6 protein chains.
Amino acid sequence: MFPGARAHRSDAAGTSSSEPPVSDAPGDAAYVVVGAPLDASTTFQPGTRFGPRRVRHFAESFDDYDHHTNQRFTDLAVSDHGDIHPSDDAEEYLQFLRGTLGDVRRDDAVPLTIGGEHTVTVAGVRAVDPDVFVCLDAHLDLREEYAGNPLNHATVTRHALAAADEAVVLGARTGSETEWERARDDDVTVVAPDDVADWTPDFGDRSVYLSVDVDAADPAYAPGTGTMEPFGLEPRTMHDVVRAVAPHAEGFDVVEVNDRDDGQAAVLAAKLLRAFVFAHAADG
Amino acid sequence: MFPGARAHRSDAAGTSSSEPPVSDAPGDAAYVVVGAPLDASTTFQPGTRFGPRRVRHFAESFDDYDHHTNQRFTDLAVSDHGDIHPSDDAEEYLQFLRGTLGDVRRDDAVPLTIGGEHTVTVAGVRAVDPDVFVCLDAHLDLREEYAGNPLNHATVTRHALAAADEAVVLGARTGSETEWERARDDDVTVVAPDDVADWTPDFGDRSVYLSVDVDAADPAYAPGTGTMEPFGLEPRTMHDVVRAVAPHAEGFDVVEVNDRDDGQAAVLAAKLLRAFVFAHAADG
Amino acid sequence: MFPGARAHRSDAAGTSSSEPPVSDAPGDAAYVVVGAPLDASTTFQPGTRFGPRRVRHFAESFDDYDHHTNQRFTDLAVSDHGDIHPSDDAEEYLQFLRGTLGDVRRDDAVPLTIGGEHTVTVAGVRAVDPDVFVCLDAHLDLREEYAGNPLNHATVTRHALAAADEAVVLGARTGSETEWERARDDDVTVVAPDDVADWTPDFGDRSVYLSVDVDAADPAYAPGTGTMEPFGLEPRTMHDVVRAVAPHAEGFDVVEVNDRDDGQAAVLAAKLLRAFVFAHAADG
Amino acid sequence: MFPGARAHRSDAAGTSSSEPPVSDAPGDAAYVVVGAPLDASTTFQPGTRFGPRRVRHFAESFDDYDHHTNQRFTDLAVSDHGDIHPSDDAEEYLQFLRGTLGDVRRDDAVPLTIGGEHTVTVAGVRAVDPDVFVCLDAHLDLREEYAGNPLNHATVTRHALAAADEAVVLGARTGSETEWERARDDDVTVVAPDDVADWTPDFGDRSVYLSVDVDAADPAYAPGTGTMEPFGLEPRTMHDVVRAVAPHAEGFDVVEVNDRDDGQAAVLAAKLLRAFVFAHAADG
Amino acid sequence: MFPGARAHRSDAAGTSSSEPPVSDAPGDAAYVVVGAPLDASTTFQPGTRFGPRRVRHFAESFDDYDHHTNQRFTDLAVSDHGDIHPSDDAEEYLQFLRGTLGDVRRDDAVPLTIGGEHTVTVAGVRAVDPDVFVCLDAHLDLREEYAGNPLNHATVTRHALAAADEAVVLGARTGSETEWERARDDDVTVVAPDDVADWTPDFGDRSVYLSVDVDAADPAYAPGTGTMEPFGLEPRTMHDVVRAVAPHAEGFDVVEVNDRDDGQAAVLAAKLLRAFVFAHAADG
Amino acid sequence: MFPGARAHRSDAAGTSSSEPPVSDAPGDAAYVVVGAPLDASTTFQPGTRFGPRRVRHFAESFDDYDHHTNQRFTDLAVSDHGDIHPSDDAEEYLQFLRGTLGDVRRDDAVPLTIGGEHTVTVAGVRAVDPDVFVCLDAHLDLREEYAGNPLNHATVTRHALAAADEAVVLGARTGSETEWERARDDDVTVVAPDDVADWTPDFGDRSVYLSVDVDAADPAYAPGTGTMEPFGLEPRTMHDVVRAVAPHAEGFDVVEVNDRDDGQAAVLAAKLLRAFVFAHAADG
Ligand SMILES: [Mn+2]
Ligand SMILES: [Mn+2]
Ligand SMILES: [Mn+2]
Ligand SMILES: [Mn+2]
Ligand SMILES: [Mn+2]
Ligand SMILES: [Mn+2]
Ligand SMILES: [Mn+2]
Ligand SMILES: [Mn+2]
Ligand SMILES: [Mn+2]
Ligand SMILES: [Mn+2]
Ligand SMILES: [Mn+2]
Ligand SMILES: [Mn+2]
């Protein structure tokens, strides 16, 4: 359970449908954490299957209260749905995950997915169907496929553009030649690491989905990730982006944390998830 | 390159077919190491993709000379083919790997596969087509599928029985109820950990393939593996089995080593591979 | 949640007392796992506070089915109460924990505590009030106090003897001079590591509480513990003890696992807990 | 022994009082390192008990000479008292530690405490009795108690304010609502991480005690600490603070280093301790 | 093999000299990677012997394409010579290594050495015989000897000045008093960490050798190195230096990476090596 | 300081020779621990330089009292001389170390050396000049040189035979062909791992030096060593050897522990050192 969140009703095993509604019914939650420990197409260092539990673990050290927004996390009606365990068929898994996240949306709550590999974002974007897809990532993730697989973590932004009209990739510093070509199209905005601090959102009333690939950060801040890419963002810059985008966003995820460091990646991911909730709630 | 092995000819990039034969042509090798870093269906702790390099790394500390058989490893015509890198389609990968191992066999050499997850054994067994499949493993690996996947590491013995007439699983201590039922059939012999030391091979002139899943060992001796299963074998017992079976075997693999320990699993795997070669060569 | 266990009712946050009984009510559980992550008096290497989650984590790789007893773990009505989080006052904490374990007993279920430091056993013994206290431990734990603290992990057997008539310490190999003197009294039996394999229980119809301090094992098998003590037991011997004692036992715990190894200690602890349940249920 | 420091006289076991004074008598030391490996109330990741030895260990790689101040560490009369080992009673321990640090002061030397959890600072502040308490910390540490314990690491600034007239907390970014309220009082100045680089001391002739909680740094620079808090200070900023405050300070500590990283936290702590000594001595 | 590089011809074991030239003959390579895993005089934390393989390993996660220079790494004719294994005599080893690097130069290729301890740079500088030696390093490395050894890693800049007319040490922040004195001579320029971002090369047509000691970076970015020195460079600054100097450089190395972190040091080293190649090739 | 030992007089820095004798003068010690952190010729995994401090660290968890011999460690007059830090010249270092160990002998105390690589044993054997050299080791260590170096860890038994008349190597399982040939001479007895349990000393009144290379143990029990060699001894067997040989021995060492595991190697080494002292003292 994410520290400060309540157990989500659908967590409970063996509950009968005849039970009367209780206070932690989904309808009461404003935010629902969903763990999506997919670890199937990780290219280099595997371990994202342990991402959600690691993020929840390192979140335990945080204070409930947020000074920036003068709110308590436990007051913000966050519930934790637990994890959706991967099947062997990635497309099937994403459909099921999308279904769960869609249920969250139908209950007027904001889904907060914890990956797992970046591929899980495809489910989130499909469930939210935003106008704009905003992503913090070292990689463009604009491939059509990778190793013959159209549902690889390196294709996420491409898939997102099937739902969203526009993608903004903040902190990207690497990709294939084809990806960089695709990135020149009008529907993609790439903001280089050095320029992210100066970037400000300008969404008007368009709806947004925000995805944080933790490898956007410099490896010093998040060594526990599948593909470290040096010359990355500082957490403070990522923090600013999350807080600036959150008021516009209807869905959020943080992905690509694994268990191959001393907690740096997980504690950063956990903090950014909380920053999203605080900023979103403060604005709502 | 496995320490003490020569570079295998097909390793060399950019070699033209017009080159004259040189002394390390495949035809000269008696044993060919092939790395098979598959890490797709690992159920719990991933990392077998780093198995082959880790096994080669920890093999560096060994003496060339083997006192038991009075042989030098470098005299035994072992070549290292390098790694066959997984594609995203496991069946396709196994077919390609089987092709490579079949080539080794056609050159009258014995394939020595280093996994990667246990699934790679399916390629080895298909290439060798043995009468008997002998396996050191904590698990029966007799499932028909796992999570909907018929090419999962937990189905290896089942697949082996499509080629071999008989399977002997040494050190097995866990499996599903269905697997244990399947194990009661005449073509499967299960030797419990406590009985392995007393087991002796009785193959007559039947051909054999030997597979070592490093999780057969107690977790103390091989913590760096996907699914640790306590109450396992001591390395000395595994050593005895490898040396007893090697003279009968036409193919060998050691699998399921990952990079999540301090080298214990890799150094054991490397030593057992060498023990196989020494015992096989001493007998030949 | 311990893999294969159900959520225990009292786990659910925000449940109202007016809810109708459902199928996983405590009354239906035969065994209840309770995490007791106390980490207050650990003398050397701290980290037992992460013991329960680590034991649950490494239990995930196990098959549901147990071949020895022909049972499935999920059929044995094990529920997981979650963790009882330590307060700063150890005596108060033990009283609360004892209350919880007493509730388990009143529901005719067997408490299975996962530590946490060995001190949590005091709560278990007080809740069960057995005739005989059986303990696997490298240490005698017969001190009256340690560093001025009468509720230290090194005093557990002494406290147990306040409830039980007799203590049997299996695998003990170290203690203070005073502890060894106390061990000569009639109510204490110490079985040296070399003699444990030959030990057989002889309890008649006396009730028993079984406590497993994972440091009873040799450090190779359980490096992740507070005070490693070489020349310890092999897991197979511990397994035999657990299975022999379980049919007589009314309470069980496994303690002193921390997060300072590669999973060896936790996977052994998890397996011994399951072995207890299987053997107890097979006999019942 | 802190590298470059001399053994402190009171280190020597079995010295008789009749010995003639020798050159490293306390009276000759200008600075005395005291290890205070308290690890009792650590909330999340324990291990500060290994802090002092880890800080001394990683200090070994430093050059003796400091270019900034043109001094050699070995010329600055630093002695190492060794560690004061915790008893089970925290208040008693702090009193004893305060006694030791008071002795250092009476010998006209500056105490340099290496924690241990932040709680040990209470002893340092009581021994020095400063006008101003300056602290680098991610946390306000202004609680009155934590988990019922008034001597918890989260209460340090509160305790310091019992001796000092004023507290300055640099780099603080989290706390409870009550702590933030307390922080609004006149005797507390909180400088947010972004503003620390612009902060300059203005103490007049008031006496100062400087405490460095290593978690003030961003987790990338000090992952080995009990409660990582992202969006922290860069070491360069901490360095500047230490050098600016040192000339005013009569006591110093660096705390909350544990052994759960690859040395980053310890090497930073060691460097800041040396920076304090160099800056203090250069000014004196 | 460095990812994206070809096997260098002299890698192949057992090739006969009568073979006809093939396409990957040294004469065709523009850049040749040479591993130099020397680990003899490492003062504090050893492990540079594993540096080259670790750098190659973590380079696997990079894209082939470089957006900054619009080039593919695989198009740049980089070959990997493999490692030159140290003998026990450091001077002899450096002579052999110098010979190999000299051969690379004679084939009109640029040597790219991966250490190993910094001492291997002496071979590189001797092979290239540059006018200017540029070095990123936390340390001055201007000693005449260290522990009686004139070929220690702390003497590298001093040795370089035997070949080069001038040395520029960027990011240096520590050294002995004698080293700092030597650094005041006209042939040495020291740029403090804070000033590196503002430094621009001004070499005219003088030839340059560029050496990157990974400890120039702050320990957060490269904990896996022999002697961590806090208050170091950010990778972005190092990146800028490498790209600015590369067009002038005729030789390059990156050194002092060991295996004592979670990959941060190796991934940074690998990236800087590639940045050198991209910038050098773009300019050529 | 080894836990339970006293500070050795020569530890104290700055003591003047005119000081009167005090109670912990060397003459009073019966055993003197000397750290010899040599780490120069380690072939594979370096880190023995951290061996002595790691052994002392993990010894902290032991009880003072030994039940087998009914003795307290603190009663046995063990003093700790501290470490003798290596110079760059191994022969010179061994001479200095031999001098120190010779001083210990002249004070009628037994030297207990903690390595450091096995090479340090040469100093111990030269200082003691025994009739018989007994060694627990996976390796024969009978080379005349290694990589051109006659003072390599692989030459220790050869050097020992320059002083002793006879060598007994227990647990050896690997060596070069030449070493095995040398081992057939009358002055060398090799006891294979399987036979060590049945070996009993038969020294008559010949004097003995006992050296424990921790790699004699199976890697599961001592992964933190330079060259792991599977199929090794169990600690209990090593314990029996140490206790059987100790009464005959005039010098002892335990070597080849590094910091690359979770403490298993160090805790075993520390325990065997204590076992030596207890058995030697009980007999004396
Ligand atoms: Mn991504
Ligand atoms: Mn990415
Ligand atoms: Mn298997
Ligand atoms: Mn298996
Ligand atoms: Mn205990
Ligand atoms: Mn114990
Ligand atoms: Mn604090
Ligand atoms: Mn803090
Ligand atoms: Mn350097
Ligand atoms: Mn350096
Ligand atoms: Mn040896
Ligand atoms: Mn050895």
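Residues numbered from 1 in each chain as written. Chains lettered and ligands numbered in written order. Predicted model: local features only at pLDDT ≥ 70, side-chain atom pairs only at ≥ 80, totals over all residues. Heavy atoms only, no water.

- By the naming in an unreviewed UniProt entry, chain A goes by Agmatinase and is assigned to Halorientalis brevis.
- Turning to chain A, the UniProt annotation filed under Sequence similarities (unreviewed entry) states: "Belongs to the arginase family. Agmatinase subfamily." (UniProt positions renumbered as here; feature names shortened; annotations may be inferred.)

## Structural notes on the UniProt feature "binding site: Mn(2+)" (unreviewed entry) in chain A
Residues and elements named next belong to chain A.
- Taking the numbering used here, the UniProt-annotated feature "binding site: Mn(2+)" (unreviewed entry) corresponds to His118, Asp137, His139, Asp141, Asp213 and Asp215. Spanning 98 residues, the annotated positions come together in the fold, the maximum distance between their C-alpha atoms being 12.1 Å.
- Inspection of the secondary structure assignment puts His118 in the loop between strand 6 (110-115) and helix 3 (121-128).
- Beyond its immediate chain neighbours, meaning those up to four positions away, His118 contacts Cys135, Asp137, Asp141, His153, Val156, Ser211, Asp213, Val255 and Glu256.
- Among the polar contacts made by the side chain of His118, one reaches the side chain of Asp137 at a distance of 3.1 Å. (Helix = DSSP H or I, 4+ residues; strand = E, 2+ residues; numbered from the N terminus. Contact = heavy atoms within 4.5 Å. Polar contact = N/O pair within 3.5 Å; in protein donor to acceptor, adjacent residues only side chain to side chain.)

## Describing the pattern of salt bridges
- Inspection of every chain in the model, using the stated rule, returns 115 salt bridges over all chains.
- B:Arg260 is the salt-bridge partner of A:Asp259, the closest N and O atoms lying 2.9 Å from each other. Remark: B:Arg260 occurs in the loop between strand 11 (249-255) and helix 8 (264-283) and A:Asp259 occurs in the loop between strand 11 (249-255) and helix 8 (264-283); the pair is interchain, linking two chains.
- Look at B:Arg260 and you get buried, because its relative accessible area is 13%.
- Taking the shortest distance from any N to any O, the salt bridge between C:Asp63 and B:Arg143 comes out at 2.5 Å. Residue C:Asp63 is found in the loop between helix 1 (51-58) and strand 3 (65-66), and its partner B:Arg143 is found in the loop between strand 7 (132-136) and helix 4 (156-163); the two belong to separate chains.
- Using a relative accessible area of 12% as the deciding quantity, one classes C:Asp63 as buried. (Salt bridge = Lys/Arg side-chain N within 4 Å of Asp/Glu carboxyl O. Buried < 20%, exposed > 50% of the residue type's maximum accessible area, 1.4 Å probe, protein only.)

## Topic: the packing of aromatic side chains
- Overall, the coordinates contain 48 aromatic pairs over all chains when judged by the stated rule.
- Consider the rings of E:Phe50 and F:Phe44, whose centres lie 5.7 Å apart with planes at 75 degrees: the pair is edge-to-face. Of this pair, E:Phe50 sits in the loop between strand 2 (31-36) and helix 1 (51-58) while F:Phe44 sits in the loop between strand 2 (31-36) and helix 1 (51-58), on two different chains.
- A relative accessible area of 5% places E:Phe50 in the buried class.
- Here a set of aromatic residues connected by ring pairs shows up, and it is made of A:Phe2, A:Phe73 and A:Phe278.
- One residue, A:Lys271, lies across the ring of A:Phe62, its end atom 4.1 Å from the ring centre. (Phe/Tyr/Trp six-rings, centres within 6.5 Å; stacked < 30°, edge-to-face > 60°. Lys NZ or Arg CZ within 6 Å of the ring centre and 35° of its normal.)

## Some points on the interface of chain A and chain E
- Every contact between the two is made by 28 residues of chain A and, on the other side, 23 residues of chain E.
- Between chain A and chain E the total buried area reaches about 2100 Å² when both faces are included, carbon and sulfur atoms providing 56% of it.
- The salt bridge partner of E:Lys271 is A:Glu229, with a shortest N-O separation of 2.4 Å.
- Viewed at the interface, chain E and chain A are joined by eight residue pairs in polar contact (both at pLDDT 80 or more).
- Only helix 5 (177-183) and helix 6 (193-196) of chain A provide two or more residues apiece to the side of chain A that touches chain E.
- Classifying every residue of the side of chain A that touches chain E by side-chain character gives 11 nonpolar, eight polar and nine charged. (Buried area = accessible area lost by both parts, 1.4 Å probe. Nonpolar A, V, L, I, M, F, W, Y, C, P; charged D, E, K, R; others polar.)

## Considering the sheet that holds strand 11 of chain A
Residues and elements named next belong to chain A.
- Pairing is parallel across the open sheet formed by nine strands, whose spatial order is 1-5-2-6-11-10-7-8-9. Each edge of the open sheet is held by one strand with a lone partner, namely strand 1 (6-7) and strand 9 (188-191).
- As judged from the five bridges shared by strand 7 (residues 132-136) and strand 10 (residues 208-213), these two strands associate in the parallel manner. Considered in strand 10, the bridge of Val134 is made with Leu210.
- Together, strand 6, strand 7, strand 10 and strand 11 form the strand contacts of helix 3, whose direction differs from that of strand 10 by roughly 170 degrees. (Pairing = 2+ DSSP bridges. Axes fitted to C-alpha atoms, helices over the stretch in contact; angles between N-to-C directions.)

## Observations concerning the environment of D:Val190
All names here are of chain D.
- Counting through the fold element by element, Val190 comes out in strand 9 (residues 188-191).
- Residue classification places Val190 among the partly exposed residues on the basis of a relative accessible area of 28%.
- Here the alpha-carbon distance between Val190 and Leu140, two residues 50 residues apart in the chain, equals 8.1 Å.
- Setting aside residues up to four positions removed in sequence, Val190 forms contacts with Leu140, Val169, Ala172, Trp180 and Ala183.

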